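Fold and geometry: a report
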There are 8 protein chains.
Amino acid sequence: MWVCIIIGSDSDAEVMTQACAALDEMGVAYEMKVASAHRSPERTKQVIMDAERDGAGVFIAGAGMAAHLPGVVASFTTKPVIGVPLAGGALQGIDALFAVVQMPPGIPVATVAVGGARNAGILAAQIIALTDESLAARLREQRVSMAEAVAQKSKKVERSTRQ
Amino acid sequence: MWVCIIIGSDSDAEVMTQACAALDEMGVAYEMKVASAHRSPERTKQVIMDAERDGAGVFIAGAGMAAHLPGVVASFTTKPVIGVPLAGGALQGIDALFAVVQMPPGIPVATVAVGGARNAGILAAQIIALTDESLAARLREQRVSMAEAVAQKSKKVERSTRQ
Amino acid sequence: MWVCIIIGSDSDAEVMTQACAALDEMGVAYEMKVASAHRSPERTKQVIMDAERDGAGVFIAGAGMAAHLPGVVASFTTKPVIGVPLAGGALQGIDALFAVVQMPPGIPVATVAVGGARNAGILAAQIIALTDESLAARLREQRVSMAEAVAQKSKKVERSTRQ
Amino acid sequence: MWVCIIIGSDSDAEVMTQACAALDEMGVAYEMKVASAHRSPERTKQVIMDAERDGAGVFIAGAGMAAHLPGVVASFTTKPVIGVPLAGGALQGIDALFAVVQMPPGIPVATVAVGGARNAGILAAQIIALTDESLAARLREQRVSMAEAVAQKSKKVERSTRQ
Amino acid sequence: MWVCIIIGSDSDAEVMTQACAALDEMGVAYEMKVASAHRSPERTKQVIMDAERDGAGVFIAGAGMAAHLPGVVASFTTKPVIGVPLAGGALQGIDALFAVVQMPPGIPVATVAVGGARNAGILAAQIIALTDESLAARLREQRVSMAEAVAQKSKKVERSTRQ
Amino acid sequence: MWVCIIIGSDSDAEVMTQACAALDEMGVAYEMKVASAHRSPERTKQVIMDAERDGAGVFIAGAGMAAHLPGVVASFTTKPVIGVPLAGGALQGIDALFAVVQMPPGIPVATVAVGGARNAGILAAQIIALTDESLAARLREQRVSMAEAVAQKSKKVERSTRQ
Amino acid sequence: MWVCIIIGSDSDAEVMTQACAALDEMGVAYEMKVASAHRSPERTKQVIMDAERDGAGVFIAGAGMAAHLPGVVASFTTKPVIGVPLAGGALQGIDALFAVVQMPPGIPVATVAVGGARNAGILAAQIIALTDESLAARLREQRVSMAEAVAQKSKKVERSTRQ
Amino acid sequence: MWVCIIIGSDSDAEVMTQACAALDEMGVAYEMKVASAHRSPERTKQVIMDAERDGAGVFIAGAGMAAHLPGVVASFTTKPVIGVPLAGGALQGIDALFAVVQMPPGIPVATVAVGGARNAGILAAQIIALTDESLAARLREQRVSMAEAVAQKSKKVERSTRQ
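In short, a report on the structure. (Residues numbered from 1 in each chain as written. Chains lettered and ligands numbered in written order. Predicted model: local features only at pLDDT ≥ 70, side-chain atom pairs only at ≥ 80, totals over all residues. Heavy atoms only, no water.)

Residue and element names in this part refer to chain G. Most of strand 3 (residues 56-64) sits out of view: eight of its nine residues are buried. Sheet topology note: the strand 1 (residues 2-7)/strand 3 ladder contains six bridges and is parallel. Paired with Ile6 across the two strands is Ala61, which belongs to strand 3. The sheet contact formed by strand 3 and strand 4 (residues 81-86) spans six bridges and is parallel. The residue of strand 4 that forms the bridge with Phe59 is Val81. Each parallel crossover has a hand, and for strand 3 linked through helix 3 (residues 69-75) to strand 4 it is right-handed. (Buried < 20%, exposed > 50% of the residue type's maximum accessible area, 1.4 Å probe, protein only. Helix = DSSP H or I, 4+ residues; strand = E, 2+ residues; numbered from the N terminus. Pairing = 2+ DSSP bridges. Right-handed = clockwise from strand over helix to strand, strands pointing away.)

When chain C is fitted onto chain A, the two copies agree to an RMSD of 0.0 Å after a turn of 180° and an axial shift of 0.0 Å. Taken together, the rotation and translation relating the two chain copies correspond to the operation of a two-fold axis. In this assembly, 100% of the residues forming the interface of chain C have copies in chain A that are likewise at the interface, indicating an isologous arrangement. (Least-squares fit on C-alpha atoms with pLDDT ≥ 70 in both. Contact = heavy atoms within 4.5 Å.)

If you rotate chain F by 180° and push it 0.0 Å along the axis, it lands on chain H with an RMSD of 0.0 Å. Taken as a fraction of all interface residues of chain F, those also at the interface in chain H reach 100%, which identifies the copy contact as same-surface.

Applying the stated criterion to the full structure yields four aromatic pairs over all chains. Aromatic pair Phe98 of chain C and Phe98 of chain H: ring centres 5.9 Å apart, planes at 15°, arrangement stacked. Of this pair, Phe98 of chain C sits in helix 4 (residues 94-101) while Phe98 of chain H is found in helix 4 (residues 94-101), placing the two residues in two different chains. Lying across the ring of Trp2 of chain F, Arg162 of chain E places its NZ or CZ 4.0 Å from the centre. (Phe/Tyr/Trp six-rings, centres within 6.5 Å; stacked < 30°, edge-to-face > 60°. Lys NZ or Arg CZ within 6 Å of the ring centre and 35° of its normal.)

This part covers the interface of chain F and chain H. Residue-level contacts link 39 residues of chain F with 39 residues of chain H. Note on chain F versus chain H: buried area summed over both sides is about 3,200 Å², and carbon and sulfur give 65% of it. Considering only the side of chain F, the residues that lose the most area to chain H are Thr78, Leu130 and Arg143 of chain F, jointly responsible for 21% of the buried surface there. Summed over the shared surface of chain F and chain H, the number is zero salt bridges. A per-element tally of the side of chain F that touches chain H places helix 5 (residues 117-128) of chain F first, with six residues. (Buried area = accessible area lost by both parts, 1.4 Å probe. Salt bridge = Lys/Arg side-chain N within 4 Å of Asp/Glu carboxyl O.)

Another point: helix 2 (residues 41-53) of chain C. Given a rise of 1.5 Å per residue, 13 residues ought to cover 18 Å, and the 18 Å separating the end C-alpha atoms of helix 2 of chain C matches this to within 8%. Three or more residues of helix 2 of chain C are buried, namely Pro41, Thr44, Val47, Ile48 and Ala51 of chain C. Relative to the axis of helix 2 of chain C, the buried residues are bounded by an arc of 125° and lie together on one face. Buried residues belonging to helix 2 of chain C abut strand 1 (2-7), strand 2 (30-34), strand 3 (56-64) and helix 3 (69-75) of chain C together with helix 3 (69-75) of chain H. (Expected span 1.5 Å × (residues − 1). Arc of directions from axis to C-beta.)

Locating Arg143 of chain D in the fold gives a position in helix 6 (residues 133-157). An unpaired buried charge is present at Arg143 of chain D: no salt bridge exists, and Glu52 of chain B, the closest side chain of opposite charge, is 8.4 Å distant. In this structure the side chain of Arg143 of chain D is engaged in a polar contact, spanning 2.7 Å, whose partner is the backbone oxygen of Ala74 of chain B. When near neighbours in sequence (up to four residues on either side) are disregarded, Arg143 of chain D contacts Arg39 of chain A, Ala74, Ser75, Phe76, Thr77, Thr78, Gly106 and Ile107 of chain B together with Gln126 of chain D. (Lys, Arg positive; Asp, Glu negative; His and termini not counted. Polar contact = N/O pair within 3.5 Å; in protein donor to acceptor, adjacent residues only side chain to side chain.)

Going through the model one piece at a time under the given rule, you end up with 80 salt bridges over all chains. One salt bridge connects Glu31 of chain H with Arg162 of chain A, and the closest N-O pair in it is separated by 3.0 Å. Taken together, the residues span two chains, with Glu31 of chain H in strand 2 (residues 30-34) and Arg162 of chain A in the segment after strand 6 (159-160). In this structure Glu31 of chain H comes out as buried when scored by relative accessible area, which is 15%. With a shortest N-O distance of 3.7 Å, Lys33 of chain D and Glu31 of chain D are connected by a salt bridge. Overall, Lys33 of chain D belongs to the partly exposed group, its relative accessible area being 25%. Residues joined by salt bridges that share partners form a network here, namely Glu31, Lys33, Asp50, Arg53 and Asp54 of chain A together with Arg162 of chain D.

As structure tokens, this is what we get:
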């Protein structure tokens, strides 16, 4: 099972590769393509149909401003769709957040933080790990590493004036 | 030339009929249908294609929450698309406003106020009036009537303590 | 595989049972309990640990105001966690939305709309359907039904003045 | 038929020339002038009156902060008025967006995104294209080009780890 | 010297009469009329010109949504203009607040709270009191009364469990 | 040591008595008075001075709209000041929240949630409990009760379809 | 009659000197001092009392964040008080705007735009001009100059492709 | 009695050392550690338990985005907890503010301004000063110094054109 990552514009590629990085760390296969909900609606549908036919199990879609892409992806598949609202433009991502998360009943989009591409990758891995115990183990190890890193980083900035 | 009005849910029909009323007053033909960008993407595309083939000149689309419908309509036609963000849900229409108006470069949606269905109808009439001088005249008369109504209404609430 | 639904307060039960209803329609097993991130942190951890031990595959957590519950659930499991921000209090859910969706890198919460409990249920079913083809089929049928319902509802409110 | 572009301040000229560029690409004639709704109300009215007398078919007005210019233009004409809210000042354009889009019933302003001058130009072209089939064809071609550009740009950033 | 109160719609009369009440209490003369910035721009200008010719010293203008009226009044006079943003519509007055207060350099509007018609009346009286010592004395007495009322009201709700 | 509760208006008394209730439960003495930062600045200062002289250890101040009262109290004492922003008016408490919490460096106000009077009472008790072990014990017992109540309430709404 | 300008911090001096500049242009006398509502409440009151005794007719107060200064000034005088919310801090001035403009009934603050110090100066001049005909004439001339400047600036950026 | 400062990430250390500086000035002992509510929940609980056992009297917790740390600290102690919402990410701290301050009834967090680490330190000192008269005296002296500094700084920027 692999993850299909769709981004609304090539200018979103830099942020969205954080999702790729998270999937690489977990050893989850993925494919990332550009398809605009507004400028190329036919291509967008085709990318989704092709991905579903070729075994994609989870979709990640990232877009900014009136970010319709995640919702449009969700309208063409019943696979889980993860939406990443992206900052950009005058309203700095709050427009994208509302446009991604406030989906009407029936068609959910699993929304992460504004710019939260890395978490989109981790969430996709968590979903796939339900049927992949070795991946699940890697996720648990990653969590342990994160906790250890917190303790390590704390050492660098700890201060005490207690006697 | 007629106006194709698409609404995302039958629960939006009541507000959106204010657009119909405005068009009726101006003698502009229209058709109103329900088509959801998310729950029925194929139908939405079909309604747009059929309308364009049958001579629709302007589209009006109204939706609430993550209101993708106007943008989706705009992605399938190069005719002018008027978007009506609708209040509803916890965020009371600010989500719909951002999701309708913040379209990316290339695919505009002519957005009116939250709940501004009547103005959507008038704007559609203004667009069609560019090639219909009698409609243009009716719009100018309507404007004169509005100004007179202001003066009439003023009389009811005017107060003065000047000597 | 079943879904563990945790709500921050019994006053949230009414909205959150929409998630139960969605799961019932799909034939997905679930358990719903109250556990407050702030008033009963030990119980919250215990409910999560017990659920994970007993085979829960997906968590849904709903809370209002400074809605920490979904994030706290996510801190104790690497299973997918779906967060439902709930309206309530003076800020009407925007506080809950930010507190649920803006998770830092490393610990994702799959956030749905403010009050979007039904979509949380559907999303959980979509995730489980990745390994349950009959469930996947039911989700596809539900989607077809939704599209048909749009066409049916359209008939009730359609209007036309075209000749 | 030509487009009258009015900007509230010469400091807005740079952003607003994106509307000019869009019209140049489509071969639509236009004229751009500065007229402040607040500092030069008489001039503003005169520019509108002159433009209407000389055959302007669509107005585009851009302004920032308490952006009254589009609404003031709309108060003096029944031609379609496109409003462009501009970022600037501490509130970064949300003030301009509300001041442009939230017009009361009777006097619509077709609002585009904050800073969306390019889309204002395209929307004006779409309106004029209703009576100019060769312009309509150019708009359709532009849309095809946009879709092709998406596919081209995708190639540059596509990544795949599928086997 | 009298106060010219202009309201954008007769539906705003009820709230705006709180300004009249405040002026009545202070014995300041006023006149209240309806004039819409958008539906009756000529009338609006005429009301302002007439008022200025007839000795109005201060203007109060109240409007909702894209509340341009106070700014439009300020564009036609150099007398002080007090703006009252009014709640109404989906955005509940925040749109009106931004549209009234965020005036560009050169043309100020003295803005009071959303719905703050009473304070608009008091502010007008404070301005006129600069050249009317008996009015100034009444304002100071009103302030003393307000302070006494606070002490009186405190008695009704005071609670103590101190021993 | 007792708690001095100051409210900006008698209309705020109902909400603010939730602070009294919390203090009653904990057996902490308090006094509640009305004093407006704007309408009775002298009285406000006097109430603070008197309270400090008479041994008040913590202040709680609640106010709505441009809620200056907590900050004004903090400007006259170096005792801890707890601020309660209150909903009311068109902006529903977000104005009060910003006006209470965004204090400049040097003069803190310990802010609780909009309408969070009960938490203000509990916070005051927590502060006083630092030197009152029996009060500290009561707070710990209250916390245990809260956790038990969560478990009790869970029983009423728990649902399970697990086999 | 002169204008008393009070700023909450010396770091606000740069922005607030735009009010001085506006008053200098109009030949209106003023005095600018720093007095913090929170860090120096006694000094603030003293500055206001001294100013009123020495003939100040209008107050201008500028502050950022929880900007209480204008409201505190208004609590100590019945002269007109103009408030300037200043950007600064994470919330970029929206906090200051709400804290300045949302004054409760009885104590108005004439609020200008965020950072609108220049308009505060002009508004003060407009108020004083009610009893100073030569100042009133200068204000009218300034308005004429502003309108002419708009026409001049337009020439620099005008573009036309009309034939 | 000492203050336990917990920060959610080492990247928050720079801002949060302003709390340390304020405590250093007052001679209050403290200890600062990193513990993430989400990445290291066990460590977070341990740090709190250890601190409480070792005599910490007040907790300060700072975090950004969905800032759960202060609320999580408050869930494990009945000592006063001061929360510092930190700017960062696309929403610039408004997300952190809501996530920190909007705590549900029963578990208060004493919230200071976005980025207000210095005030968190002062507030902690004010709380401890209730049982430390020499600390209380230092706080009063600091307040006097602040007031004097205002007067000194005023001298640098004062301007007057009064004769």
